[in-house]
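Okay, here's what each chain looks like letter by letter:
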Amino acid sequence: MGSGTLDTYPVIFDQTNPTLGSNLVVNGTFETPVNNNQWFNFSSPTTAERSTTRAYAGSYSYHIVGDSTNDGTQAAATQFVGDYTVGDVVKITAYVYPITASSNQIKTGVANSSRSITSAYTVVLNEWNKVEYYVTITNTTVNYITFLIAGTSGEFYLDNVSAEIVQGNPAIVFFFF
């Protein structure tokens, strides 16, 4: 990044611009049939199926209908075994098309991270919403990603889910006195 002086003290700035690793989610586009090594039901949704009714990209998405709080889906934790270390920062991105949602919210998070699996995320009904957040991994066991109904009932479509480890150092500054 460079060197110079700061208040008459010599300083060196060393920065590696953060980059994203590859997508760790298996079948986050739902373009191939879903199996239990990829996606599980969370709680007891009345519908959890691959659908062509709506798709953000491609031909398919995942359709969730639930009649109780926290009905939804989770990306299976087995997808991420050995991928994370404690302290990793992970960028989660997905597209959600809510038909009905209590308080215009869904719940999404990553188990064993800085964001609870039942954290609320505000969305706009009847359009694709980009859901994006960063988490810090606090424990490397069972790191599944959830997308859940926030109220007592709801319906949404899910597409293009990704989890990418943020790599690089935001900045290191060395001061010489």
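Nothing here was measured: the structure is a model prediction, and the numbers come from that model. (Residues numbered from 1 in each chain as written. Predicted model: local features only at pLDDT ≥ 70, side-chain atom pairs only at ≥ 80, totals over all residues. Heavy atoms only, no water.)

### Digging into the packing of aromatic side chains
The relation between two aromatic rings is expressed through the spacing of the ring centres and the mutual angle of the planes. All told, the structure shown has 8 aromatic pairs when counted by the stated rule. For the pair Phe30 and Trp39, a centre-to-centre distance of 5.1 Å together with 45° between the ring planes defines the contact as tilted. With centroids separated by 5.8 Å and ring planes inclined at 15°, the aromatic side chains of Phe80 and Tyr84 adopt a geometry described as stacked. In terms of burial, Phe80 and Tyr84 fall into one category: buried. These aromatic residues form a ring-pair network of at least three members: Tyr56, Tyr95, Tyr97, Trp128 and Tyr157. Stacked on the ring of Tyr60, the Lys or Arg Arg50 has its end atom at 3.5 Å from the ring centre. (Phe/Tyr/Trp six-rings, centres within 6.5 Å; stacked < 30°, edge-to-face > 60°. Buried < 20%, exposed > 50% of the residue type's maximum accessible area, 1.4 Å probe, protein only. Lys NZ or Arg CZ within 6 Å of the ring centre and 35° of its normal.)

### A word on the sheet that holds strand β12 (residues 145–149)
Spatially, β4-β7-β12-β9-β10 is the arrangement adopted by the 5 strands of the open sheet, whose pairing is antiparallel. Two strands bound the open sheet, and with one partner strand each, they are β4 (39–42) and β10 (120–122). Pairwise comparison of adjacent strand axes, ignoring direction, gives a mean angle of 25° for this sheet. In terms of strand pairing, strand β7 (residues 72–75) meets β12 through 4 bridges, oriented antiparallel. For Gly72, the partnering residue across the bridge sits in β12 and is Leu148. (Pairing = 2+ DSSP bridges. Helix = DSSP H or I, 4+ residues; strand = E, 2+ residues; numbered from the N terminus. Axes fitted to C-alpha atoms, helices over the stretch in contact; angles between N-to-C directions.)

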